[in-house]
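Report on the structure
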Amino acid sequence: MEELVNRIKEDGRILGDGVLKVDSFVTHQVDPVLMEAIGYRFAEVFANAGITKVVTIEASGIAPALFAAKKLNVPMIFARKAKSLTMDEELLTSSVYSFTKQVTSQISISRKFLSSDDKVLIIDDFLANGQAAKGLIELCQQAGADVDGIGIVIEKSFQDGRALLEEMGMRVVSLARIASLQNGAVEFLEGDA
C-alpha cells in the first residue's frame, strides 16, 4: 500500500535493531484518514471471504480493525490485555509475549461474542514474531470460529512471524513489508495488498 509505505518513509523512526517507531500515525497518535484507507484495503482483500467478525488486540490494532469492520459491515471485537470489572462472563483467554515491551499479557474476549458460526479476519498493527496473532488465533479456535486470514499493517519480514502463522495454515496479508532496518534505513519488500 503505497500511501502507508510513503508515510513510514516520511515519519517512521528507527530505534536500533529491529525497532520501528510509528507513534505519530499508528501506535500513539492515530491518522484517521490513513487508518480508514488501511481498513478499507483489508475489507477489499477479504470482501468475498464471508467474514462475520473482525478481531484485534488492544490498542493499536483497533483503528484499522474498526474501519475494516465498518466496510465489511460486521462487528469488531478487541481482545483485552487486562480484565475489567464488568467482564464477569465466561472468557476465552490466551497468553501473549510482547518482545517490544518484554512482558507476557493474558488476553481475553468474552465467549458470548465469538462462536463456531463465525468466520474471522484478524487485524494487527505489527507482525514481528507472530505472538499476538497466534494468541488471537487461539482465542478464535477456543470458540470454534474459523480464522480466514490475518491482516497486518506493518510486517517486519526479517523476523519469523509470517513463517509461524503460515505454518499454522493462516493466510497473511501485510500492507507494508519491511526487509531491513539496518544502517538507519528502512528497506521494503513488496506488500501483499
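For every chain, the first residue of the written sequence is number 1, and numbering continues from 1 along that sequence. Local features are withheld for residues below a pLDDT of 70 in this predicted model, meaning they are given only at 70 or higher, and side-chain atom pairs are given and counted only at 80 or more; totals for whole chains, interfaces and linings count all residues. Calculated side-chain values reflect all of the structure's heavy atoms, with hydrogen atoms and water omitted.

The next point concerns the packing of aromatic side chains. Pairing of aromatic rings covers Phe, Tyr and the six-membered ring of Trp, with a centre-to-centre limit of 6.5 Å; geometry is then stacked below 30 degrees between planes, edge-to-face above 60, and tilted otherwise. Taken as a whole and judged by the stated rule, the model has one aromatic pair. Its guanidinium or amino end placed over the ring of Y40, K71 lies 4.9 Å from that ring's centre, counting from NZ or CZ. We call a charge positioned over a ring when the NZ of a Lys or the CZ of an Arg lies within 6 Å of the ring centre and within 35 degrees of the ring normal.

Two strands qualify as a pair provided that DSSP identifies no fewer than 2 bridges between them. Numbering of helices and strands starts at the N terminus; helices are DSSP runs of H or I of at least 4 residues and strands are runs of E of at least 2. One open sheet holds the six strands; their spatial order is β4-β3-β7-β8-β9-β10, and the pairing between them is mixed. In this open sheet, the two edge strands, each paired with only one partner strand, are β4 (76-79) and β10 (187-189). Averaged over neighbouring strand pairs, the angle between their axes works out to 25 degrees when direction is ignored. Here three bridges tie strand β9 (residues 172-180) to β10, and the two strands are oriented antiparallel to one another. Counterpart to I178 in the pairing with β10 is F188. Contacts between residues were defined by any pair of non-hydrogen atoms, one from each residue, lying within 4.5 Å. Throughout, an axis means a line fitted to C-alpha atoms (over the contacting stretch in the case of helices), and angles, computed between N-to-C directions, take values from 0 to 180 degrees. Together, β8 (146-156), β9 and β10 form the strand contacts of helix α1 (residues 2-11), whose direction differs from that of β9 by roughly 35 degrees. Along the sheet, helix α4 (residues 131-142) contacts β3 (53-57), β4, β7 (119-127) and β8; its crossing angle with β7, the most-contacted strand, is approximately 165 degrees.

Below, the discussion takes up the environment of Q182. Relative to the helices and strands, Q182 is located in the loop between β9 and β10. Along the sequence, Q182 and G169 sit 13 residues apart, while their C-alpha atoms lie 30 Å from each other.

Sequence positions flagged by UniProt for "binding site: xanthine" (unreviewed entry) are, in local numbering, L20, T27 and K156. Counting through the fold element by element, L20 comes out in strand β2 (residues 20-21). In this view, L20 contacts I8, G12, R13, I14, F126, I154, K156, I178, L181 and V186; residues no more than four positions away in its chain are not counted. Once you skip the residues sitting within four places of it in the chain, K156 turns out to touch G18, V19, L20, F126, L127, A128 and I178. UniProt positions are given in the numbering used here, feature names are shortened, and annotations may be inferred rather than shown by experiment.

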